[in-house]
Amino acid sequence: MRHIISLLMENEAGALSRVAGLFSARGYNIESLTVAPTEDATLSRMTIVTHGSDAVIEQITKQLNKLIDVAAVMDLSEGDHLERELMLVKVRAEGAARDELKRMADIFRGRILDVSSHTYTIELTGTRSKLDSFLQSIDQNLILETVRTGASGIGRGERILKL
Amino acid sequence: MELTGAEIAIRCLQEEGVEYLFGYPGGAVLHIYDALFQQEKVKHILVRHEQAAIHAADGYARSSDQVGVALVTSGPGITNAVTGIATAYMDSIPMVVISGQVPSYAIGEDAFQEVDAVGITRPCVKHNFLIKDVKDIAPTIKKAFYLAKSGRPGPVLVDIPKDISNHKTEFVYPESVSIRAYNPVGKGDSNQIKQAAQLLLEAKRPMIYAGGGVVLSGAAAQLTDLVRLLGYPCTNTLMGLGGFPATDDHFVGMLGMHGTYEANMAMQNCDVLVAIGARFDDRVIGNVAHFAELPRKIIHIDIDPSSIAKRVKVDVPIVGELKPVLDELLTVLRASNKKPVAADLAAWWKQIKEWNVKGGGLRYKNSSEVIKPQFVIETLYKITQGDAYVTSDVGQHQMWAAQYYKFDQPRRWINSGGLGTMGFGLPAAMGVQLKHPDATVACVTGEGSIQMNIQELSTCKQFHLPIKVLSLNNRYLGMVRQWQQFFHGDRYSESYMDALPDFVKLAEAYGHVGMRIVNPADVEPALREAFARKKDLVFMDFQTDPKENVFPMVPGGKGLSEIVLSEDL
């Protein structure tokens, strides 16, 4: 099953490699991983999307907690949560496709960030499946580049991960 | 007054009360060695290979409750140390390793003797640090010692670039340490402990299974009280030997791949199992699916939550330090009106005694022609009256030592259980002998293992360490040969030790006493003579039966009750 794990860790050199190393050493998979400092610059917040049985996810959470640099861990998928991913897509925008791509971007509430005579760069935010379906909705041959951040997640309401 | 980083590092070790520093000098640690030279409190033990420095610090730590400390240089110094660090990590041994690094301005330039020490050790340390500012040296070393010994212990590496060890700053050793993301638990959850007590008292076929955690946390007395209070059978893992007295009637022997028949059968057939400071590893419970076939309630007490429910489902998990948890469990049990049902317990013990036929599989056919390795260990036990510190290497001799030497006290049995590091025994014995200068220290080894760190005979000479080395020389890598015989159709691929040195002459070349023992009748007199030489290191080359196998055996991938006994019985 797909899990989205959020954690707070010391914003120090090497902390990221400890987390990444834990996954590779134990054969756990990482679908995506995002990390950036929080409002407290000494702490980073990381969101990891992974797959595994309940037993594997339990081990992942425990092993993450065991890392000295990791201050708090939460499996967001255990409760209500929000999840967003940012995607930048550069597409070939010429002739009839130029209007069609603009329309599709509007339907998916995307924004066109950059325009050249032959390309658009579209920004889209949403869940993974929304971004996937945008990519499926446009002509595949027109896609020049896609850049995705991987999911960031946060608990709903009073589900708060803070020190 | 301002001190250099090197002086600060040594002052920190003094503040921590470090008695011995095991190490080997080199370019990146020259400043630290210079600071070491100019003081007397911390004594340096010069090994002959960095791996041995780590094993010696490890042996020192295992035989005491103190942190082992080692110092190595950059590049090959730290890569040589990695096997030792991984050994300590797998067995949760408290250790601080200081490594030199190339100057900070040269890091990343492929400088001479540069290696990413923090990167290369990351998977086998509890934590590690690369120092970037001389001001960080004292607080980091303070943290390193705290991390090494608190919670689930383990090795911690502090990597100090050469230039930083020569920068100056004021020396202040922090009085306390706090790491916000690290808060090891102390007491266990009282409700869980009550539940555990309830389950234990309701058990019809109880079993107490205790591992190395009992030894490391100093909870042997609590474990012994618990077993005797309840009158339940107790088994120890390879790492846990001595955590419960082996000569006590409640002891059913070691369990696992080469454990006794009754210990393994009782593990498989019990209805309530309490695991204390143990981790259900593959060499202990064999095939997990086979183990899970029979229903039993499991109580698991451990300091490390990630050890719980890792390989088996647990009904009552208790996370905490073993001492306070067992103290509380004892209090609850003593206060309870309920007692174990005597008839059930008697029937269970009767069953266990039946499984003890043929000594639980721990018997062998002795010979007057050829020395049986088990006989050497039994004689060692007899003449040391069970009072020696015994280190071992890895292989058949390790299993025979574990099976036939009865450890009544914790921290007496010193072996590499998790990583299984050949070459561990002799350097570990050096650490033990330094910690306990008047104690009898025996290193049980084989002609294969001993050659992996034989150069340390030189260190033993320099520091007058009167270790007794018992080499069970069967001219084979015995455990490999045994598996090849059982599982690879007698194809003894590369397991024969050809062109062995004359170990007697070799010992003498290093300035020690060497003995070769060929006849079974000479085993006891030789051991007596060797152990009477209180001041000498004696290397005993026992020419043992090359065909002897370790029994009982749970073949790899099999279940505990599929245990195989020797055909000799």
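As the structure is a computational prediction, the values presented were derived from the model and not from experiment.

What counts, and where the lines are drawn
Residues numbered from 1 in each chain as written. Chains lettered and ligands numbered in written order. Predicted model: local features only at pLDDT ≥ 70, side-chain atom pairs only at ≥ 80, totals over all residues. Heavy atoms only, no water. Helix = DSSP H or I, 4+ residues; strand = E, 2+ residues; numbered from the N terminus. Rg over C-alpha atoms; globule rule 2.2 N^0.38 Å. Contact = heavy atoms within 4.5 Å. Lys, Arg positive; Asp, Glu negative; His and termini not counted. Charge placed at Lys NZ, Arg CZ, Asp CG, Glu CD. Axes fitted to C-alpha atoms, helices over the stretch in contact; angles between N-to-C directions. Parallel < 35°, antiparallel > 145°, perpendicular 65-115°, else oblique. Left-handed = near helix turned anticlockwise from the far one by under 90°. Nonpolar A, V, L, I, M, F, W, Y, C, P; charged D, E, K, R; others polar. Core = buried A, V, L, I, M, F, W, Y, C linked by side-chain atoms within 4.5 Å. Buried < 20%, exposed > 50% of the residue type's maximum accessible area, 1.4 Å probe, protein only. Pairing = 2+ DSSP bridges. Polar contact = N/O pair within 3.5 Å; in protein donor to acceptor, adjacent residues only side chain to side chain. Buried area = accessible area lost by both parts, 1.4 Å probe. Salt bridge = Lys/Arg side-chain N within 4 Å of Asp/Glu carboxyl O. Disulfide = S-S within 2.5 Å. Expected span 1.5 Å × (residues − 1).

S.K.: Where do I start with the overall build of chain B in this structure?
M.R.: The helix and strand inventory of chain B stands at 21 helices and 20 strands. Its C-alpha atoms give chain B a radius of gyration of 24 Å, within 12% of the compact-globule value 25 Å for 569 residues. Dimensions of chain B, computed from the C-alpha atoms along their principal axes, are close to 75 × 60 × 40 Å. The long-range fraction of contacts in chain B, counting pairs at least 24 apart against all pairs at least 6 apart in sequence, stands at 77%. Positive and negative charge centroids in chain B, built from 56 and 62 side chains respectively, lie 5 Å apart.

S.K.: Is there a simple way to explain the packing of helix α3 (residues 50-62) of chain B against helix α17 (residues 425-435) of chain B in this structure?
M.R.: Each pair of packed helices can be summarised by the angle the axes make with each other and by the distance between the axes. All names here are of chain B. Where α3 contacts α17, the two axes come as close as 6 Å, and the packing angle between them is 45 degrees. Here α3 is positioned oblique relative to α17, judged by the angle of their axes. Judged by the twist between their axes, the crossing of α3 over α17 is right-handed. Residues A52, H55, A56, G59 and Y60 of α3 pack against P427, A428, M430, G431, V432 and K435 of α17. For the contact of α3 with α17, the class distribution of residues is seven nonpolar, three polar and one charged.

S.K.: Where do I start with the nonpolar core in this structure?
M.R.: As a rule of thumb, nonpolar side chains are buried together in soluble globular proteins. Residue and element names in this part refer to chain B. Grouped together as the largest cluster of nonpolar side chains are 100 residues, with contacts concentrated most on I276, I299, M540 and F542. Discounting chain neighbours no more than four positions away, the residues touching I299 are A196, L199, L200, V272, L273, V274, A275, V316 and I318. If you look at the next biggest cluster of nonpolar residues, it comprises 49 residues, including I85, L434, C443 and A507.

S.K.: How should the sheet that holds strand β18 (residues 468-473) of chain B be read in this particular structure?
M.R.: Hydrogen bonding along the main chain pairs the strands of a sheet, whether they run parallel or antiparallel. Residues and elements named next belong to chain B. Taken in spatial order, the six strands of this open sheet run β16-β15-β17-β18-β20-β19, and their pairing is parallel. On the outer flanks of this sheet lie β16 (413-414) and β19 (513-517), each paired with one strand and no other. As paired strands, strand β15 (residues 389-392) and β16 are joined by two bridges and run parallel to one another. Bridged to V390 within β16 is W413. The strands that helix α15 (residues 373-384) touches are β17 (441-446), β18 and β20 (538-543); relative to β18, the one it contacts most, it runs at about 160 degrees.

S.K.: I keep staring at the packing of helix α1 (residues 15-25) of chain A against helix α2 (residues 54-66) of chain A and nothing clicks. Help me out?
M.R.: Residue and element names in this part refer to chain A. Two elements in contact, α1 and α2, have axes separated by 11 Å at closest approach and are oriented at 145 degrees. Between α1 and α2 the crossing geometry is right-handed. Contact residues: V19, L22 and F23 in α1; I60, Q63 and L64 in α2. Across the contact of α1 with α2, the residue classes tally to five nonpolar, one polar and no charged.

S.K.: When you look at the sheet that holds strand β4 (residues 70-75) of chain A in this model, what are you seeing that I'm missing?
M.R.: All names here are of chain A. If you trace the four strands from one edge of the open sheet to the other, you get β2-β3-β1-β4, paired in antiparallel fashion. Here the strands that pair on one side only, and so sit at the sheet edges, are β2 (32-37) and β4. Here the average twist between neighbouring strands, direction ignored, is 15 degrees. Inspection of the sheet shows β2 paired to strand β3 (residues 43-51) by six bridges, in the antiparallel sense. Within β3, the residue paired with P37 across the bridge is S44. The strands touched by α2 within the sheet are β1 (2-10), β3 and β4, with β4 carrying the most contacts at an inclination of about 160 degrees.

S.K.: What is the right way to look at the side chain of K62 of chain A in this model?
M.R.: Residue placement: K62 of chain A occurs in helix α2. Here the side chain of K62 of chain A touches P305 of chain B through a polar contact of 2.9 Å, landing on its backbone oxygen.

S.K.: Where do I start with the pairing of strand β6 (residues 111-115) of chain A in this structure?
M.R.: Taken residue by residue, a regular strand's side chains alternate between the two faces of the sheet. Residue and element names in this part refer to chain A. With four bridges joining them, β6 and strand β7 (residues 119-126) adopt antiparallel strand pairing. Its bridge partner being in β7, D114 is matched across the sheet by T121. Taking the residues between adjacent antiparallel strands as the criterion, β6 and β7 are bridged by three residues.

S.K.: Looking at this structure, how should I read the interface of chain A and chain B?
M.R.: A common way to state how big an interface is: give the accessible area lost once the parts meet. Across the contact, 18 residues belong to chain A and 17 residues belong to chain B. Across the chain A to chain B interface the summed buried area is about 1,500 Å²; carbon plus sulfur atoms make up 49%. At the surface where chain A touches chain B, the tally comes to three salt bridges. The salt bridge partner of R180 of chain B is E10 of chain A, with a shortest N-O separation of 2.9 Å. Counting every contact that joins chain A to chain B gives nine residue pairs in polar contact (both at pLDDT 80 or more). Elements with a contribution of two residues or more to the side of chain A that touches chain B: α1, α2 and β4 of chain A. The greatest single-element share of the side of chain A that touches chain B, amounting to five residues, is contributed by α2 of chain A. The residue makeup of the side of chain A that touches chain B, split by class, is six nonpolar, five polar and seven charged.

S.K.: How should the pattern of salt bridges be read in this particular structure?
M.R.: Two side chains of opposite charge can pair, provided their charged atoms sit close to one another. Residues and elements named next belong to chain A. Under the criterion given, the structure shown has 33 salt bridges over all chains. With its nearest N and O atoms 2.6 Å apart, the salt bridge here joins E83 to R2. Of this pair, E83 sits in strand β5 (residues 81-92) while R2 sits in strand β1, and the two are 81 residues apart along the sequence. Its relative accessible area of 22% is what places R2 among the partly exposed residues. A salt bridge links R103 to E100; the nearest nitrogen and oxygen atoms lie 2.8 Å apart. With R103 and E100 both in helix α3 (residues 96-107) and three residues apart, this pair spans about one turn of that helix.

S.K.: Would you explain the state of the cysteines in this entry?
M.R.: Here, disulfide denotes a covalent bond that connects the sulfur atoms of two cysteines. Residues and elements named next belong to chain B. Under the definition given, this model contains zero disulfides over all chains. The cysteine C443 is free of any disulfide, with C460 supplying the nearest cysteine sulfur at 8.9 Å. Relative accessible area serves as the criterion here: at 1%, C460 is assigned to the buried category.

S.K.: I'm lost on helix α4 (residues 76-90) of chain B in this one. Help?
M.R.: Along an α-helix, residues three or four apart share an orientation, since each turn contains 3.6 residues. Residues and elements named next belong to chain B. Between the first and last C-alpha of α4 there are 22 Å, a value that for 15 residues agrees with the 21 Å anticipated at 1.5 Å per step. Looking at the packing, one finds that the buried side of α4 touches α3, β4 (68-72), β5 (95-101), α5 (117-121) and β7 (155-161). Once α4 finishes, S92 follows within two positions and takes phi at roughly 55 degrees, a positive value.

S.K.: Which parts of the structure should I look at to understand the pairing of β7 of chain A?
M.R.: All names here are of chain A. Summarising burial for β7: seven of the eight residues are buried, a large majority. Bridge count for β5 against β7 is eight bridges, and the pairing is antiparallel. Pairing of V91 across the sheet is with Y120, part of β7.

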